[in-house]
Amino acid sequence: MTQLTAGRPSRYDPAMPFRAFARHRCSPHAVWRQVLLGLLALAALLPLAARADAVPGEGDITLSTRFWIDPSGSATVDQVAAEAPGVWEAMDRYRSFELGSSALWVRIEPGELDPQRRWFLLLSAAAFTNDARLYTRGPDGSWTEQRAGDHLPVAQWSHPDQTPVFAVDPQLNEPLWLRLTNAPTPTSPRLQLLTEENLQSKRYTTFLFIGGYLGFGLLVLFLGWVHARLYGDRAFVAYCFYVASMLGFQASFTGIAGLFFWPEWAAWNDLAPSFFMLWLTGSGIWFVREACAVSRHSVGVDRFVVAWSLFGMVYSLVYAALLSPLAFNLLNLYGLLSVLLSIALCLWTWRRGETYAGWLFLGFLPVHLGYPFPALRSAGVLPDSWATQYAVLIGSAIEIPLLLYILHRRAKDFSENRARLRAMESTDPLTGLTITPVLRLRLRDALKRARRSGHRCGVMLVELSNHGDIVAREGREAGDRALVVAASRLSSVVRDVDTVCRISDTRFAMLIEGPQKPELLKLLGQHVVAKGLEKVPNLPVDLPLRFRLVSSTPPEDKDSLEDALDDERLLARLNRALDRLSDDPRKVVLHLSQPPLQI
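Residues numbered from 1 in each chain as written. Predicted model: local features only at pLDDT ≥ 70, side-chain atom pairs only at ≥ 80, totals over all residues. Heavy atoms only, no water.

J.: Explain the pairing of strand 9 (residues 176-181) residue by residue, including any values.
T.: Counting buried positions along strand 9 gives 6 out of 6 residues, so the element sits mostly inside the fold. Two elements, strand 4 (residues 103-108) and strand 9, share 5 bridges in a ladder whose sense is antiparallel. Bridging across to strand 9, Trp105 finds its partner in Arg179. Here strand 6 (residues 131-137) runs beside strand 9; their pairing, made up of 5 bridges, is antiparallel. Residue pairing across strands places Arg133 opposite Arg179, the latter belonging to strand 9. (Buried < 20%, exposed > 50% of the residue type's maximum accessible area, 1.4 Å probe, protein only. Helix = DSSP H or I, 4+ residues; strand = E, 2+ residues; numbered from the N terminus. Pairing = 2+ DSSP bridges.)

Below, the structure written as structure tokens:
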């Protein structure tokens, strides 16, 4: 039987205005228009972040330095400065060093610098260096030490900043000696010699974009939590944990968190990137599990995914206890396999019919494309660079709103489906009209009100008398369409407060809320018959809808209180009258006369 629906809803839906607003606000054109406006605003801010003019001697000096690795890690600056020139190797390319317990010494020749300016040495893209010390020898031969690194609270650095920064005296002609230690991750020194003006400009640029990213992320996190409360969907809860972990990871990975959020907590500042990375990965897999409905497709796969997600949460404590190269390699392996697992889950569930799983795969793509840069840097394959520091940040700035939009569309569709399923419990699946139990409940209430107020309500039974002829000539599908059109036309002749119900295959009941006069009910009956004779789309002209009906204005004053409120007896009496009316094909309307109601 063709599932066609017509007629008006059985009751008002209070969520309808919100759905209309959501459809307008979340249309693809509106989303892309907002993205375009954001890009234009970002372009407008770029001139504000422009760097000041470079001065002689300023810039990246990494490739002009020389280095030496102290295997024991215990050599003093005096011993290092006394080493023969032959032990020093030229830094001919950007390199990554796995030091372990060793120490990396870098010999820096700053050259002639403008003495009228203040100069600084910036260890860029190295927010997670364990220990960095710069030694300078004064005219009297004494050494001045400046310290930075994760093993020292940022508030106690010689120059607290996002990454290690050291002051350079332009009047000194001696080399600068930089000592770096880092374990278990590799270290890759990237040295920049900057004036105070350009260092400030670099700070402002970094704070502007990372601050904008964090503010935008917090806004999206708030919207995700609102959606979680609105739809009651666990996928939004997992999404909120994922976004919070991503924001924490980026804040700690770039050094912003150590400078502003926990400047006194050296141990946590050292562990935070690893902790947030594991929480980010574990919550991301949990999010994929919820959004792709993995449990619906395989119980075994679902249990494996839950265990994999929990492993990331728990392994952070194990990593903090071990802090060994093996633990670090296992952390990197977990991150890589998690990326592959999320891709596999999205594509697998998409192939099994989860439409939004394919969109989630595309939503994760910006971060998946940016992930290899920090991953290869952690493995020691790539040196520190702008890409290894900010690739995932840029990818997540694109990914986070995309995932929220995809989740919103998914939840909206699911909510509408659930609303339709709930409506099917109280409506006829073919016509969309109210089902019989709801009609009887409303009829019983109408009879009580009529008896109490001393007025009458109207009840009408309508039959599509030529339904059999329509089916015989045009087929069952045309017969179903005729029933749908009949339901629509019956609903159009009554008010919103009235009820139209399909009580059998070809019969409909209409409850006209009171007070009703018999004369008005007779006019309504004539209107119903005339409405059925109008042309029906896709049916021949000689096949209109021929209605036959009986009507009544209960309750009767001769009925006892129990009989007057008996809705089943009333409907049975009307059905018998309609059966008798079908014996006379010339008569199509019967109004059951009622004596005046005695109050």
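J.: Before we move on, could you go through the sheet that holds strand 5 (residues 119-123) and cite the residues and values that matter?
T.: Pairing within the open sheet is antiparallel, and its 4 strands lie in the order 1-10-5-8. The open sheet is flanked by strand 1 (59-60) and strand 8 (165-168), the only strands paired with a single partner. Note: strand 1 against strand 10 (residues 191-195), 2 bridges, orientation antiparallel. The residue bridging Gly59 from the neighbouring strand is Leu193, located in strand 10.

J.: An account of helix 5 (residues 234-253) is requested, with residue identities and associated values reported.
T.: Across its 20 residues, helix 5 extends 28 Å between first and last C-alpha, which sits within 8% of the 28 Å expected from 1.5 Å per residue. Backbone nitrogen of Ala235 and a side-chain oxygen of the N-cap are separated by 3.0 Å at the start of helix 5; the cap is Asp233. Of the residues trailing helix 5, Gly255 is marked for its positive phi of about 90°. (Expected span 1.5 Å × (residues − 1). Polar contact = N/O pair within 3.5 Å; in protein donor to acceptor, adjacent residues only side chain to side chain.)

J.: Help me get a handle on the packing of aromatic side chains, residues and values and all.
T.: Scanning all chains against the criterion turns up 24 aromatic pairs. Ring geometry for Trp268 and Trp279: centres 6.4 Å apart, planes at 35°, overall tilted. Between Phe311 and Tyr315, the aromatic rings sit 5.3 Å apart at their centres with planes inclined by 15°, giving stacked as the arrangement. Of this pair, Phe311 and Tyr315 both sit in helix 8 (residues 299-322), 4 residues apart, which is roughly one turn of that helix. By the ring-pair criterion, three or more aromatic residues cluster together here, those being Phe261, Trp262, Trp268, Phe275, Phe276 and Trp279. Taking NZ or CZ as reference, Arg190 lies 3.8 Å from the ring centre of Tyr94, over its face. (Phe/Tyr/Trp six-rings, centres within 6.5 Å; stacked < 30°, edge-to-face > 60°. Lys NZ or Arg CZ within 6 Å of the ring centre and 35° of its normal.)

J.: Can you tell me about the environment of His467, naming the residues and giving the values?
T.: With respect to the element layout, His467 can be found in helix 14 (residues 467-474). Placed 38 residues apart in sequence, His467 and Asp505 show a C-alpha to C-alpha distance of 9.5 Å. Filtering out sequence-adjacent residues up to four positions away, His467 remains in contact with Arg476, Gly479, Leu483, Asp505 and Thr506. (Contact = heavy atoms within 4.5 Å.)

J.: Please give an account of the environment of Ser338 that cites residues and values.
T.: Along the polypeptide, Ser338 turns up in helix 9 (residues 325-351). When the C-alpha atoms of Ser338 and Ser309 are compared, they prove to be 9.0 Å apart, with 29 residues separating the residues in sequence.

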